[in-house]
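One letter stands for each residue in the lines below.
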Amino acid sequence: MQTKTFIEQIISQVLAGHRLTAEEALQLAAAEGADLLYLFAGATQLREHYFGNEVSLCSIINAKSGRCPENCSFCAQSAHHQSAAPVYPLVNAATIAEQAKQAELIGSECFGIITSGTGISSGAELDELCAAVRQIVAQGTVDPSCSLGIIDLATAKALKEAGVVTYHHNLETAASFFPSICTTHRYEEDVETVKNAKQAGLKVCCGGIFGMGESVAQRIELALLLRELAVDSIPINFLDPVPGTALQDADFLSPMECLRIIALYRYILPDRKIAICGGRERNLRELQSWIFAAGASGMMTGDYLTKKGRNPDADRQLLVDLQLSVAQCKH
Ligand code: SF4
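Rules used throughout
Residues numbered from 1 in each chain as written. Predicted model: local features only at pLDDT ≥ 70, side-chain atom pairs only at ≥ 80, totals over all residues. Heavy atoms only, no water. Helix = DSSP H or I, 4+ residues; strand = E, 2+ residues; numbered from the N terminus. Buried < 20%, exposed > 50% of the residue type's maximum accessible area, 1.4 Å probe, protein only. Contact = heavy atoms within 4.5 Å. Areas by Shrake-Rupley, 256 points an atom, 1.4 Å probe, with all protein chains shown as cover. Lys, Arg positive; Asp, Glu negative; His and termini not counted. Charge placed at Lys NZ, Arg CZ, Asp CG, Glu CD. Patch = residues over 30% accessible without salt bridge, like charges linked within 9 Å, V, L, I, M, F, W, Y side chains within 5 Å. Salt bridge = Lys/Arg side-chain N within 4 Å of Asp/Glu carboxyl O. 1 Å grid on protein atoms, 1.4 Å probe; cavity = no way out; pocket = protein on both sides within 12 Å on 5 of 7 lines; lining within 4 Å. Points joined across faces, edges and corners; volume = space filled by probe spheres on them. Nonpolar A, V, L, I, M, F, W, Y, C, P; charged D, E, K, R; others polar. Disulfide = S-S within 2.5 Å. Pairing = 2+ DSSP bridges. Right-handed = clockwise from strand over helix to strand, strands pointing away.

S.K.: Before we go on, may I ask you to explain the overall build of the chain in this structure?
M.R.: Each helix and strand counted, the chain has eleven helices and ten strands in total. Taking the principal axes of its C-alpha atoms as reference, the chain extends roughly 60 × 40 × 35 Å. Among the 331 residues that make up the chain, the fraction classed as buried is 56%. Pairs at least 24 residues apart make up 76% of the contacts formed inside the chain by residues separated by at least 6 positions. Per element, the accessible surface of the chain, about 13700 Å² overall, is 52% carbon and sulfur. Side-chain charges in the chain split into 27 positive and 37 negative, and the spacing between the mean points of these groups amounts to 3 Å.

See below:
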């Protein structure tokens, strides 16, 4: 069967409720040339079916940076690496809440509070974070999200009670590739965190980083697990190698490869939010505006964890030019 015909058949089946098998996803991932553009056109069709003309923006604050005991090979904040990433303890609730106002001003629907480290449980840090969340809920309309590493059910419940809407916790990569990326904790602990957040009634934002040496089959393996875990949104990051980390010499993905990954995720997770986050500028370069054509339904705007992002005005202009509208937070 011709690739174009196969793509058309898959789109009708997905719209009718079929969910892709690993074999079908692998076949789609092989599209090249004009077929790759058909793949993007189909991804746009799926995005529009589930999200109409709306895309979501999110922003983050690095609320506690550096000295993490984990050894994630991509991460500038790991104490196992010698990077120039800033090191500071948890910032106070007022600073976090102030930053949330800025996120709202640049059109973000979701504001993520991110802390370095293995995880956070009950104690002074969790109390301060909950205070920040309560302040954010009281002052504005941006949805507070937390990304605090591995958490247990009691912590997830405390966050939910404080007003957190979404818990963010990336699985980073496929289970079969994870031992090449991190050896200081088990993949199952990350999966358990996702389950704890869901059980506490939080939405879950969970995705990974691409371009770390994983195979196409492993990208699909991760997508299928995210579908099984029923996560609500998927952040897609592309490795932007940081000097001093174990992956400092890794190559960038090509822009077309990045777009292929986005499209693949849209076909596998057709009705989930897919947001393009770290590494967008340096991996996609001139093709950044294609992310929505490839099926993304959102992007991070503003600065990243340890790197500057581009000017949020440029991101907003991009959306205006593409005639896409920005989703508003619903709370
Ligand atoms: S757990 Fe998070 S902060 Fe720590 S090294 Fe891994 S990615 Fe970096």
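That covers the picture; the talk isn't over yet.
S.K.: Just checking my understanding: could you explain the environment of Cys 58 for this structure?
M.R.: When you line up the elements, Cys 58 lands in strand 1 (residues 54-64). Here Cys 58 falls in the buried class, since its relative accessible area comes to 17%. Once the C-alpha coordinates of Cys 58 and Ala 223 are considered, the two residues, 165 residues apart in sequence, prove to be 21 Å apart. When near neighbours in sequence (up to four residues on either side) are disregarded, Cys 58 contacts Ser 108, Cys 110, Met 299, Met 300 and Thr 301.

S.K.: For this particular structure, what's the right way to read a nonpolar patch on the surface?
M.R.: Taken together, Leu 37, Met 256 and Trp 290 make up a surface patch of nonpolar side chains, about 250 Å² in accessible area. When you line up the elements, Leu 37 lands in helix 3 (residues 33-51). On the basis of relative accessibility, which here comes to 45%, the residue Leu 37 falls in the partly exposed class.

S.K.: Would you take a moment to explain the layout of surface pockets for this structure?
M.R.: Regions of empty space are outlined by a rolling probe, equal in size to a water molecule, passed over the atoms. One number sums up the size of the second largest pocket: a volume of about 230 Å³. Taken together, 16 residues form the lining of the second largest pocket, with Ile 60, Ile 61, Gln 99, Gly 302 and Asp 303 sitting closest to its centre. With four residues, strand 1 is the single largest residue contributor to the lining of the second largest pocket. In the lining of the second largest pocket, the residues fall into nine nonpolar, six polar and one charged.

S.K.: Any chance you could explain the pattern of salt bridges here in plain terms?
M.R.: For side chains of opposite charge, pairing can occur when their charged atoms come near one another. This model, assessed by the stated rule, comprises 15 salt bridges. The salt bridge partner of Lys 101 is Glu 98, with a shortest N-O separation of 3.5 Å. Here the residue Lys 101 and the residue Glu 98 both occupy positions in helix 4 (residues 93-105), the gap between them amounting to three residues, near one helical turn. On the accessibility criterion, Lys 101 (36% relative accessible area) is partly exposed. By relative accessible area, which is 39% here, Glu 98 ends up partly exposed. Its salt-bridge partner being Glu 257, residue Arg 219 comes within 2.8 Å of it at the nearest N-O pair. Pair noted here: Arg 219 is in helix 8 (residues 216-228) and Glu 257 is in helix 9 (residues 255-268), with a separation of 38 residues, a long-range link. Just as Arg 219 is buried, Glu 257 falls in that class too.

S.K.: What exactly am I supposed to notice about unusual backbone geometry here?
M.R.: Note on backbone geometry: most residues besides glycine have negative phi, and most peptide bonds are trans. Of note, Arg 67 is a non-glycine position whose phi angle comes to about 50°, a positive value. Take Arg 67: it is sitting in the loop between strand 1 and helix 4. One non-glycine residue with positive phi stands out, namely Glu 172, at about 75°. Mapped onto the elements of the fold, Glu 172 is located in the loop between strand 4 (166-168) and helix 7 (187-199).

S.K.: I'm lost on the state of the cysteines in this one. Help?
M.R.: Such a bond, covalent and formed between the sulfur atoms of two cysteines, is termed a disulfide. Under the counting rule described, the total for this entry stands at zero disulfides. Cys 205 takes part in no disulfide bond, and the closest cysteine sulfur, belonging to Cys 277, lies 6.8 Å away. Free cysteine: Cys 206, not disulfide-bonded; nearest cysteine sulfur from Cys 205 at 7.7 Å.

S.K.: Sorry, what's going on with the pairing of strand 2 (residues 110-115) here?
M.R.: Within a regular strand, the side chains alternate between the two sheet faces. Taking burial as the measure, the six residues of strand 2 include six buried ones, the bulk of the element. Of the two faces of strand 2, the one lined by Cys 110, Gly 112 and Ile 114 and the one lined by Phe 111, Ile 113 and Thr 115 are each fully buried. In terms of strand pairing, strand 1 meets strand 2 through six bridges, oriented parallel. Bridge pairing in strand 2 places Asn 62 opposite Ile 114. Handedness of the crossover is the feature at issue here: the chain leaves strand 1, passes through helix 4, returns alongside strand 2, and the resulting connection is right-handed. Relative to strand 3 (residues 143-147), strand 2 is paired through five bridges, and the arrangement is parallel. Among the inter-strand pairings, Ile 114 is bridged to a residue of strand 3, identified as Ser 147.

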